[in-house]
Amino acid sequence: MLINLHVKNFAIIDEADVDFGEHLNILTGETGAGKSILIGSLSIALGGRVSPEMIGRRGDTAMVEAVFSVTDREVIDKLRELDIALDSDPEVEDAIAGVSEDVACAGATAAGQAVELVISRKITGSRSVNKINGESVPVGVIRQVSSLLIDIHGQHEHQSLLKPVKQLELVDRYGGDELEAVSGEVRDLYHKYADLKREMSEDDLSDEELKRQIDYLSYEKQEIESASLSQEEMDEIDEKYRMASNAGSVVEVLSSVYQDGTKAAFDGVSRVLPELKRISDYNPKISEYESQLLEIESLLSDVNHDISGFMQDYQFDEAQMRELEQRLDVIHGLQVKYGDTYERIMSHLSEVDEKLDHYADYEQYRVERQDRFDALKKDLTDKCAVLSDLRRQAADKLSEEISAALTDLNFARVDFGIEVRGTEHFSENGADEVEFMIATNPGEPVLPLTRVASGGELSRVMLAIKSVFAESDEIDTLIFDEIDTGISGRTAQAVAEKMSVIAGSHQVIAITHLAQIAAMADTHFVIEKEVGEDAADTHIRALSEEESEEELARILGGVSITDAVRENAREMRRLAAAKKMPQP
């Protein structure tokens, strides 16, 4: 559940702090007051795209922060899988423990442990700083987390409902675990099928092409094998070449170190040691100096011996250099062609050997591969048939439930159905296409949703779908941005009642221009814009019952708010309260 939204210096909002309630939260206000900006700020908090233009006039950064209480055990487990740090919030836990089961969010338990999740985004001129519970995260993680917590429904989702892929997704989602499992099997089989089909297409050779391939692969095999590579050589040869190519410089520097450095130092120490030994008995400190110089003499002797031996061994003639260069050319050539490591070159050789084995008896190989393809295609066909049956069963039940919900939404004689038709080709979704069909008036033919529904009708279809899925949806919070587009009168009342039903098991946040919907609010907010001499500022505040009635009167009466309009507003609130009361 969304507990709080804090917005600072975002567009025309200087600062806003909103504490949302359970059930149905309604936001109203004059056109242009900033309702969509507030929802836009929430979208940004949940991982939406940011731009410097979003930063307001008070400073060079903007901040949006959303605080959630999460009680659903499956959602909490998924958050932990994303490595989100979660701490129990005792205050939230106590609050939720007091909520009765009939109004608790879906999936929550009345006494279940609650965790608090704080998502914040700070917008600067060049980037955004994204955090969850105080820890910096990529914006992609915020989007993953948000998808578990909240569903924002706006005009763009109306349009997505017209896409066949979205309609198929809804049917599959309704089909539940069994359909999801079969769909996963189909997806795996399809990828194997597509890979083998592509391989067959690329490897369907004529006799001439087959001979050319065998010659080419044989050349690659001979080139790699004749090089007699070893892992040890490839690890060492670059270092050997560097040492050999710089042998002159190395010997010259080491000779100087030996003659002018370590040997000279050794000779100097050896020369003074007898003198020091002669006076060491005079003072214990002198004896310490003698011991230290004896250690230094020994170390210098070892270093001189090692340097001398190294210079004797470190001799490379021109013939050795040429051999190293030629060997490096061979190795680098293989690396360019077949892979930059020994393992990759050997892996390529294995692939060459495998292909040559196939091509040695190409007809037999082609027959065996075709048999594998035919068996895979049969498995995919059979599994797609199972998936299609499950989809048709799910589509029949889903269309019945959507039809009932549409009737509730004032589609008096609606004819709604979902067609599942087979396709001539496979895809990772199987071999089906799904299309939502509707006739909104008696006597009209049933046609695809894309050709029939107006904006208002499309809004109600989407709301009907949301209401069907609400019972099983683990997402606690639903947001409806302008769900009332294109509706009025009795239809608006039906939409309001349906939203109230959904809010019985979910937190619902809705922006509306209609009094019928606003009257159903469990928590009512008004968004107001204050226009000053230099700039405008948007504020949001929760309304008391009396203030809510006054806001309803404003919506109903416009410029002139009479006592009759106010009484009408009070009556709407009373009727709404009666509608929400449990029926005996």
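Here's a quick rundown of the structure. (Residues numbered from 1 in each chain as written. Predicted model: local features only at pLDDT ≥ 70, side-chain atom pairs only at ≥ 80, totals over all residues. Heavy atoms only, no water.)

Notes on the packing of aromatic side chains
- With the rule as written, the count across this model stands at six aromatic pairs.
- Judged by centre distance (5.3 Å) and plane angle (80 degrees), the ring pair of tyrosine 193 and phenylalanine 426 falls under edge-to-face. In this pair, tyrosine 193 is assigned in helix α6 (residues 164-202) and phenylalanine 426 in strand β10 (residues 415-427), connecting sequence segments 233 residues apart. Per residue, the accessibility class of tyrosine 193 equals that of phenylalanine 426, and both read buried.
- Aromatic side chains phenylalanine 416 and phenylalanine 436 sit 5.6 Å apart centroid to centroid with 75 degrees between the ring planes, which places their arrangement in the edge-to-face category. In this pair, phenylalanine 416 is assigned in strand β10 and phenylalanine 436 in strand β11 (residues 430-439), connecting sequence segments 20 residues apart.
- In this structure phenylalanine 416 comes out as buried when scored by relative accessible area, which is 7%.
- Taken together, the ring pairs in this structure connect Tyr190, Tyr193, Phe373 and Phe426 into an aromatic cluster.
- The lysine or arginine in question, arginine 173, covers the ring of phenylalanine 469, its NZ or CZ lying 4.5 Å from the ring centre. (Phe/Tyr/Trp six-rings, centres within 6.5 Å; stacked < 30°, edge-to-face > 60°. Helix = DSSP H or I, 4+ residues; strand = E, 2+ residues; numbered from the N terminus. Buried < 20%, exposed > 50% of the residue type's maximum accessible area, 1.4 Å probe, protein only. Lys NZ or Arg CZ within 6 Å of the ring centre and 35° of its normal.)

Section: the sheet that holds β10
- Read from one edge of the open sheet, three strands run β10-β11-β12, paired in antiparallel fashion. Each edge of the open sheet carries a strand with a single partner, namely β10 and β12 (447-448).
- With two bridges connecting them, β11 and β12 associate as antiparallel partners. Looking across to β12, one finds that methionine 437 is bridged to proline 448.
- The strands touched by α6 within the sheet are β10 and β11, with β11 carrying the most contacts at an inclination of about 165 degrees.
- Docked against the sheet, helix α13 (residues 362-408) engages β10 and β11, running at close to 165 degrees with respect to β10. (Pairing = 2+ DSSP bridges. Contact = heavy atoms within 4.5 Å. Axes fitted to C-alpha atoms, helices over the stretch in contact; angles between N-to-C directions.)

Details of the environment of leucine 24
- For leucine 24, the position within the fold is in strand β3 (residues 24-28).
- Taking the relative accessible area as the measure of exposure, leucine 24 reaches 0% and is therefore buried.
- With 483 residues separating them along the chain, leucine 24 and glutamine 507 place their C-alpha atoms 6.2 Å apart.
- What leucine 24 contacts, discounting residues up to four positions off in sequence, is Met499, Ser500, Ala503, Val508, Met520, Ala521, Asp522 and Thr523.

Honestly, that's just the spatial picture; any functional story needs more than this.
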